[in-house]
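Fold and geometry: a report
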Amino acid sequence: MFKGWFGEQKTEFNLWFSLDKKLYHRFHDVIIPSSNGTTQIDHILVSPFGLFIVETKNRKGWIFGSETQSTWTQVVYENKYTFQNPLRQTHRHKKVLSKFLDLNESHIQTVVYFNGDSEFKTELPSNVLSYGLGSYIKQFNDTVLSDTEIQRICGLLINTEGKISKREHIQSLHDRYSSDTVCPKCGSDLVERTVKQGPRTGSQFIGCSSYPKCRFTKQIQNNNEKG
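Being a predicted model, the structure only gives us computed values, none of them experimental.

Parameters at a glance
- Residues numbered from 1 in each chain as written.
- Predicted model: local features only at pLDDT ≥ 70, side-chain atom pairs only at ≥ 80, totals over all residues.
- Heavy atoms only, no water.
- Helix = DSSP H or I, 4+ residues; strand = E, 2+ residues; numbered from the N terminus.
- Buried < 20%, exposed > 50% of the residue type's maximum accessible area, 1.4 Å probe, protein only.
- Contact = heavy atoms within 4.5 Å.
- Areas by Shrake-Rupley, 256 points an atom, 1.4 Å probe, with all protein chains shown as cover.
- Pairing = 2+ DSSP bridges.
- Axes fitted to C-alpha atoms, helices over the stretch in contact; angles between N-to-C directions.

As for the overall build of the protein chain
Across its full length, the protein chain holds six helices and 12 strands. Within the protein chain, the fraction of its 227 residues that count as buried is 42%. Within the protein chain, contacts between residues at least 6 apart in sequence are counted, and of these 55% link residues at least 24 apart. Split by element, the accessible area of the protein chain, about 13,500 Å² in all, is 49% carbon and sulfur.

Considerations on the sheet that holds strand S8 (residues 118-120)
As summarised here, the arrangement of the four strands in space is S6-S5-S4-S8, forming an open sheet in which the pairing is mixed. Each edge of the sheet is formed by a strand with only one pairing partner; in this case those strands are strand S6 (79-84) and S8. Neighbour-to-neighbour, the strand axes of this sheet turn through a mean angle of 25°, independent of strand direction. Both strand S5 (residues 71-76) and S6 contribute to a ladder of six bridges, which runs antiparallel. What sits directly across from Val 75, in S6, is Lys 80.

A word on the sheet that holds strand S2 (residues 37-47)
If you walk across this open sheet you meet the five strands as S1-S2-S3-S7-S9, and the pairing is mixed. Two strands in the sheet have a free side with no partner beyond their single neighbour: strand S1 (25-34) and strand S9 (128-129). In this sheet, strand S3 (residues 50-57) lies alongside S2 in antiparallel orientation, the contact comprising five bridges. Across the sheet, the residue bridging to Val 46 is Leu 51, located in S3. Against the sheet, helix H2 (residues 86-101) touches S1, S2, S3, strand S7 (108-114) and S9, its axis set at about 145° to S3. Lying over the sheet, helix H4 (residues 147-160) contacts S1, S2 and S3, oriented at roughly 65° with respect to S1.

Here's what the structure looks like:
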């Protein structure tokens, strides 16, 4: 937890020094409510050029992954660790924030920022960075939000501060991932599917109805396992 907090603080300082505070309104560690539980966003920037969601990863070593993989791999001195594809996290963040703010998704950009001593060993999308966070954000320079709209959005975000505790957010995460009817990633319906190939051909599992845009799956638990 401290490592994650320290990484968020490093990113916060980076944003503070690299971006004009008159143009970019900063919100950090924001918990947003939704019809499908809560979501926690490390950093939100509100500007005339749109909103920017920044997901921070304080990881060192070699990073392997792709846009479609469910998990990525971190290698440190031949030790391997897996972690959730952060692009999937920002996908949900964007959906929830767009609905909460009543804002078109096209006005929200997502960024994944690795601020540890890391090196990407596979080709990753341009919004996954290990340096140049401020420069990347400043590439977006077309005005899409008016001053009135910026004030409205900032007011909504300010009003969320302190409304939902970390404990409530963690409980919401538990409830969301325990559901067999609503996808915890995107909020779409979960449906039963059948494995069509491989050693488990014919077996049943639960998958997101928004596949292939969302690839969330989970095993079906029988009554004995639920009890």
